[in-house]
Amino acid sequence: MTGRRWYVPWLFLLPALAIAVCFFIVPFANTAVLSFTDASTLGGGTFTGTHNYARLLHDEQFWQSVRNTLLYIAVVVPCLVVLPLLLAVLVQKRIAGIGFFRAVFYSPVVASMVVAGLIWSWLLSDDGLVNSVLRGLHLAAGPVPFLTDAHLLLFSAMAMTVWKGLGYYMVVYLAALANVPRSLLEAAEVDGAGAVRRFRHVTLPLVRPTMVLVATLAAIGSAKVFAEVYTLSDGSAGPGGEARTLVYTIREVGLGLGGEAGYASAMSIVLFLGTLGLSVAVTRLNSREERA
Amino acid sequence: MTTLQTPQAPVAADPRRPATPVPTARRVRTAAGLTGRYLLLALVFALTVGPFLWQLSTSLKGNGERVFGYPPQLLPAHPTLHHYAEVLDTVPVLHYAGNSLVVALGSVLSNCLLGSMAGYALARMTFRGRGLAAGIFLATMIIPFESIMVSEFLVARSLHLTDTLLGVMIPGAASGLSVMLMRNAFRRLPAEVEEAAVLDGAGEWTRFWRIALPSVRGTLAAVAIFSFVFSWDDFLWPLVSLSDQSKYTLTVGIQYLSGTFTNDQRVIAAGTMMAVVPLLVLFFALQRFFFRGVGEGAVKG
């Protein structure tokens, strides 16, 4: 392709690139800079060195959000790696009506987190369906405080995340399962391997890279959890905000009343480094196990 | 698990059909397996759509009907659309839905157009700085939006974009994912597709618009759907950037509906149904593009 003027590619790129730079690269650089200042959200601010980061070390609210977020990752990631894989195996075989089931299992993915949150808060409220059934079957004396106890709220939010993510990762796994050669599975069957052994020794090693991908995506998604906790608690993150997550706290500190943009930026940098570290860690873990 | 041969199977005694025992045993096992499979499918079905159906049932129940207590009343005895009308009366839901639609359609248009333009340049042209440009788009995919939202708010405010629908739309107007999906699609096009046009002396824009773009319609559809759903479902950024209630999108408005306007579960349920049904319809109508998008986005993203 000769004779093209040098600026032609840039004309094609310009609009998208301008948006990426103005609304991602610049805010990111700004976040990094602000994290070393005492800027308020209204403006101003002077350079304060690493003061914000030192303050983080002794900020109980911040550590609470970090603990909650880590717990979220620790529970949600294994669930989202394993359950959608089992589900994909279940819907892989082309039996009658399977297309319908696949589509239906995907439908929670399409709903917004707010809608999911409202539906689940109705299910889990004190006089909601779950509590009515638990009491009706005499499994609980009083209403279980799914939404008003900080720990239970966090676990309810996790359950909702898993519920909403199942279908998405199921589709991701289906693509991987389709690539498992039929001949290998048939050979194993001829050798007398049952369904479970075929899955463990033939399918599993082949979908491993996809499991790593899913683990990474789920871990990063969980690190950014916000809407689940927010909508299930009507914006309060539980009594005293004790179910707060990192993003919840960033928003509260940076954009709430008396917003401290500088301090919230330091937290944001921690979040960024955390998600970066997570994806590196998952990849590392995988390559080490593969060598072993 | 290896006992496919069951010599004592009754059919084996039939002298005329000595070869049938294995298939019969197998058939019985397959039938059992199939039943088990459908039972599991039904269970997962109940878990995934049960919550939606319960919400739908609640929204259709009359004021005199029980929405809680044991045993739960699963179906409304006297279904009514009364609460849907009530939502429309108490909350400007249609106005919010209109706002969401404007933002979502704007996002579809810009992601398709700007994303494919950028993707085309990255895939089909060689020039200095291409790696840098691709790197910038990749960076936007790696940086979590949540980690820059405070600065994003400051940028939007300095551009007078807070409290505007344009401001809600623009950060996602040409997402890195759209650009990369389009780049990958254009890369897969064989070079010959454009060669004839080059010989005819067609310019870059003509080649892009007339030849390359129509060849990647499938990916374009996936990008359009992704952009629509992402924008329609987005909660955090509209929540952060909008304080003027008349600019609320549906997600922020519907969250606001619960607790603020009413505590009647039937009305809240009606409101959530109104927010989710259009998307479910869109999804069931365009399933294959949804699934295609997930496959491409997850593998390459």
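On a predicted model such as this, the values are computed, not experimentally measured, just so you know.

Q: For the overall build of chain A, give the residues involved together with the corresponding values.
A: Check the secondary structure of chain A and you find twelve helices and zero strands. What you see in chain A, going N to C, is helices and strands ordered as α-α-α-α-α-α-α-α-α-α-α-α. For chain A, the spread of C-alpha atoms along the principal axes amounts to about 80 × 75 × 40 Å. Looking at chain A as a whole, 53% of its 292 residues are labelled buried. A separation threshold of at least 6 residues defines the contact pool for chain A, and within that pool the share at least 24 residues apart is 67%.

Q: For unusual backbone geometry, give the residues involved together with the corresponding values.
A: All names here are of chain B. Even without being glycine, H160 reaches a positive phi, approximately 60°. Its location among the elements puts H160 in the loop between α5 (145-158) and α6 (165-169). A positive phi angle is found at D163, which is not glycine, with a value near 65°. Topologically, D163 is positioned in the loop between α5 and α6.

Q: So what's going on with the interface of chain A and chain B? Which residues, and what values?
A: Contacts between the two partners involve 88 residues from chain A, matched on the other side by 89 residues from chain B. The largest per-residue losses of area from chain A upon contact with chain B belong to F12, F23 and W122 of chain A, which jointly make up 11% of the total buried on that side. Inspection of the chain A/chain B interface yields zero salt bridges. Counting the contacts that link chain A with chain B gives eleven residue pairs in polar contact (both at pLDDT 80 or more). With 22 residues, the single largest contributor to the side of chain A that touches chain B is helix α1 (residues 8-34) of chain A. Residue composition of the side of chain A that touches chain B, grouped by class: 66 nonpolar, 15 polar and seven charged.

Q: If you had to explain the packing of helix α3 (residues 60-92) of chain A against helix α4 (residues 98-110) of chain A to someone new, which residues and values would you point to?
A: All names here are of chain A. The interhelical angle for the contact between α3 and α4, taken along N-to-C directions, is 155°, at an axis separation of 10 Å. With respect to α4, the element α3 is oriented roughly antiparallel. Between α3 and α4, the residues in contact are L87, L90, V91 and Q92 and I98, R102 and F105, respectively.

Q: Hey, could you go over the UniProt feature "transmembrane region" (unreviewed entry) in chain A for me, with residue numbers and the actual values?
A: Per the UniProt record, "transmembrane region" (unreviewed entry) is found at residues 7-29, 70-91, 103-123, 152-176, 206-227 and 261-282 of chain A. For residues 261-282 of chain A, helix accounts for 100% and strand for 0%, while the C-alpha atoms at its two ends are 31 Å apart.

About the cut-offs
- Residues numbered from 1 in each chain as written.
- Chains lettered and ligands numbered in written order.
- Predicted model: local features only at pLDDT ≥ 70, side-chain atom pairs only at ≥ 80, totals over all residues.
- Heavy atoms only, no water.
- Helix = DSSP H or I, 4+ residues; strand = E, 2+ residues; numbered from the N terminus.
- Buried < 20%, exposed > 50% of the residue type's maximum accessible area, 1.4 Å probe, protein only.
- Contact = heavy atoms within 4.5 Å.
- Buried area = accessible area lost by both parts, 1.4 Å probe.
- Salt bridge = Lys/Arg side-chain N within 4 Å of Asp/Glu carboxyl O.
- Polar contact = N/O pair within 3.5 Å; in protein donor to acceptor, adjacent residues only side chain to side chain.
- Nonpolar A, V, L, I, M, F, W, Y, C, P; charged D, E, K, R; others polar.
- Axes fitted to C-alpha atoms, helices over the stretch in contact; angles between N-to-C directions.
- Parallel < 35°, antiparallel > 145°, perpendicular 65-115°, else oblique.
- UniProt positions renumbered as here; feature names shortened; annotations may be inferred.

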